[in-house]
Every structure is written in structure tokens, then in C-alpha cells.
Amino acid sequence: MRSALPRVKVIVPCYRYAGLLEGCVGSVLGQEGVDVRVLVIDDCSPDDTPEVAARLCARDERVQSGRHGVNVGMIPTLNEGLEWAEDSDYTVVLSADDLLVPDCLRRAVAVMGAHPEVGMVYGRSLYAYEGRPLPTTYGRWRGTDVWSGYDWVRARCRSGYNCISSPEVVTRTTVQRAVGGYDPACYHTSDLQLWLRVAAVADVAYIRGVGQAIYRIQPDGMLRSADTPIVDLSERRLAFDSFFAGGGAQLRDAQRLHEMACRSLARQALWQASRAIDRGRASGPDALPVEELTAFALDVYPRSRRLAEWRGLRLRRAIGEGRSRWFLPFVATGSAHRAKTHALKLRWKLKGI
């Protein structure tokens, strides 16, 4: 018989993480206040993942596993898991190298129980780096911020960035079914595109004061695979373009929001090009693609020539590569940009947005 507790189904895609899989699944099974079920999907790993998964299934009936005969990739694997989770109350996607923090599911479920209009809850992710000990969980639940989906989308368009790592997210399964799965066209930013679609139909909540998950920074992970600024900017653009071509088109002021996102990306591209000139990295073996960044800005936001960043880039080119960094107005704008970046990081840490 089904438990009276809210059921949370956790999808664990695994590829070559046999050594970390047991810890990942253990962090789920140890959650209290919820009825958890786990599906490990082995995407044809060449390591001992099948043996580890079989051991976990034999040890706890709440764990199931499946294995692909050939490697199909992350997004088809995730969408397969979402289909399995359709009869749950809430859904979590947790990579096999990540961990849930104790009581994170109880907190997220409590928020969505109190706020039926919320379709997605997230909190802060703690980052684990290779070769270092796992971060220690600390803090306490200091409250919850609930934003309308529109306001959350607008904040993403204003920044141009994704503020979510992924394992800290719990979605309401009815909302997940309504918006569909991950878009394979947005390989590096399929998660951002999905969160935007969720926010287009439901509100979003953030748990303040305590971490909700541990996210491992892997040298070969998807976060690191977008290793050039053009790839990163282009993939984020693709997520916003895809969103506003679909469900996002129904939002009020959709065109203005889309333009806001494009302007943010253009400004970031021009700023990266400017810093490359300041640091003497516009040419040479380790050069950044200044011309590509400039072309990207014009393509994503045709009015880029009106931006302050465009004027700054043009003046830097006139002064000369490497010399522009000593131009006093640019020293001031660089300091202001760093201060703004730190302020945004602090806001993200405290408010999640």
C-alpha cells in the first residue's frame, strides 16, 4: 500500500560514477518525512555501475535500476526517468555524483504543501571540488521566498544567467507533466530552459539559510564542457530563444522580456571582449575570441552599438591592447563591475535569484 507520506521520486542518471553512486543513493534514502523512491538509470557505463546498482536494489526495495544497451546521452536518459516518475507527488533529478542534504526533501515538500501555486522549490547548492573534502552542511532554515513565475522569469532575463545548479530542485510532478521534459536541442542549458517553462505556468520558491544539495564540480562535467565564452553565451541564448518561441510567448510582455535577455547576453559578450583587450588577450596563443564576441553581441542584440559596453570596447581598441587597462576611467569601470558581480553573488547566495 502507498505510504501516507508525500511520495518523491528521485531519478539518478549514472555514467561512469560507480564510485559515487552509493553515496548519492544513500543521501536520498536517508531523507525523512517523505516516501522516497529511486530509479538509477545506467547509461551503458563502462565501469562497475551495474554491480553497484544491483547491490543497492537488493539492499533496499525503494531502489530500482535500469541499464541502456548503448549510451544514449544525458537528456534522453533524464526524459526516460521523468516518465517513470509521473505517478509521484514530487520529482527530483539527481546526478549520480551529487548528494542531497539531510531534510532537504522535507523542507521542499512542506513549502509546496503550504503553497499549492508553487511548481518548483530550490535552495542553495554547496559545491564540492575534486580533491577536497565534501562541504559541511551548516545554517538553518530562515524562511522561504515565493516569487510569481513571471517575476522569476524576468529576473533570469535581466541577468542572462541560470541561478540553479540542478540537484537542489524539487518540482511538483503535475507541473512537470504539464511542461514536458528536457529539450534535446538545448544540450548545455536544457535545465535552464526547463526551469523557465516551469516558471511560465507556476510560481517558484526558494529556501533561505540552509543548503539543499551538494553539487560536485567535475573537470569533465557539462558545466566545464562549455569551455569557451562563445559556447556558453550561445547555449544560454538558445535556451532563451527556445523558451520564448514556445511557452514563454504566452507571458505578458514576452517580446520585451526576450529583448531584455538578449541585451544582457550582448553586454556580457562585449564586456568579455573588453577585458580580453585590457589583459592583452586579444591576440596570441591564449587569445579570447574578441571578434566572435563582438559579432555575437550584434547578432543577439542588433542595437548593441548603443550600449555603453560597445563604446568602451571601441575606445579600448583605439588605446591599444594591454595599455587600456591603465586608462583611469577603465580602472574605475572594472572596479565597479567587480563590485556589482560580488553583490550579485551575495544576492544569489542569500535570495537565490
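The structure reproduced in this document is the subject of the present report. (Residues numbered from 1 in each chain as written. Predicted model: local features only at pLDDT ≥ 70, side-chain atom pairs only at ≥ 80, totals over all residues. Heavy atoms only, no water.)

Thoughts on the packing of aromatic side chains
Going through the model one piece at a time under the given rule, you end up with six aromatic pairs. Consider the rings of Phe-243 and Phe-244, whose centres lie 4.8 Å apart with planes at 65 degrees: the pair is edge-to-face. With respect to class, Phe-243 is no different from Phe-244; both count as buried. Each residue in the set Tyr-122, Trp-147, Trp-152 and Tyr-206 is aromatic and connected to the rest through ring pairs, giving one cluster. (Phe/Tyr/Trp six-rings, centres within 6.5 Å; stacked < 30°, edge-to-face > 60°. Buried < 20%, exposed > 50% of the residue type's maximum accessible area, 1.4 Å probe, protein only.)

Things to note about the pattern of salt bridges
Across all of its chains, the model carries 18 salt bridges by this definition. Asp-60 serves as the salt-bridge partner of Arg-62, at 2.9 Å between the closest nitrogen and oxygen. The salt bridge involving Glu-291 is made with Arg-317; its shortest N-O contact spans 2.8 Å. Remark: Arg-317 occurs in helix α12 (residues 308-319) and Glu-291 occurs in helix α11 (residues 290-300); sequence separation between them is 26 residues. What makes Glu-291 exposed here is its relative accessible area of 56%. (Salt bridge = Lys/Arg side-chain N within 4 Å of Asp/Glu carboxyl O. Helix = DSSP H or I, 4+ residues; strand = E, 2+ residues; numbered from the N terminus.)

A look at the packing of helix α10 (residues 254-278) against α12
The N-to-C vectors of α10 and α12 enclose an angle of 20 degrees; their axes lie 9 Å apart at closest approach. By the angle between their axes, α10 is roughly parallel relative to α12. In the crossing of α10 with α12, the sense of the turn from one axis to the other is left-handed. In this structure, α10 uses Arg-267, Leu-270, Trp-271, Ala-273, Ser-274, Arg-275, Ile-277 and Asp-278 to contact α12, whose residues at the interface are Glu-309, Trp-310, Gly-312, Leu-313, Arg-316 and Arg-317. Of the residues assigned to the contact of α10 with α12, the class counts are six nonpolar, two polar and six charged. (Axes fitted to C-alpha atoms, helices over the stretch in contact; angles between N-to-C directions. Parallel < 35°, antiparallel > 145°, perpendicular 65-115°, else oblique. Left-handed = near helix turned anticlockwise from the far one by under 90°. Contact = heavy atoms within 4.5 Å. Nonpolar A, V, L, I, M, F, W, Y, C, P; charged D, E, K, R; others polar.)

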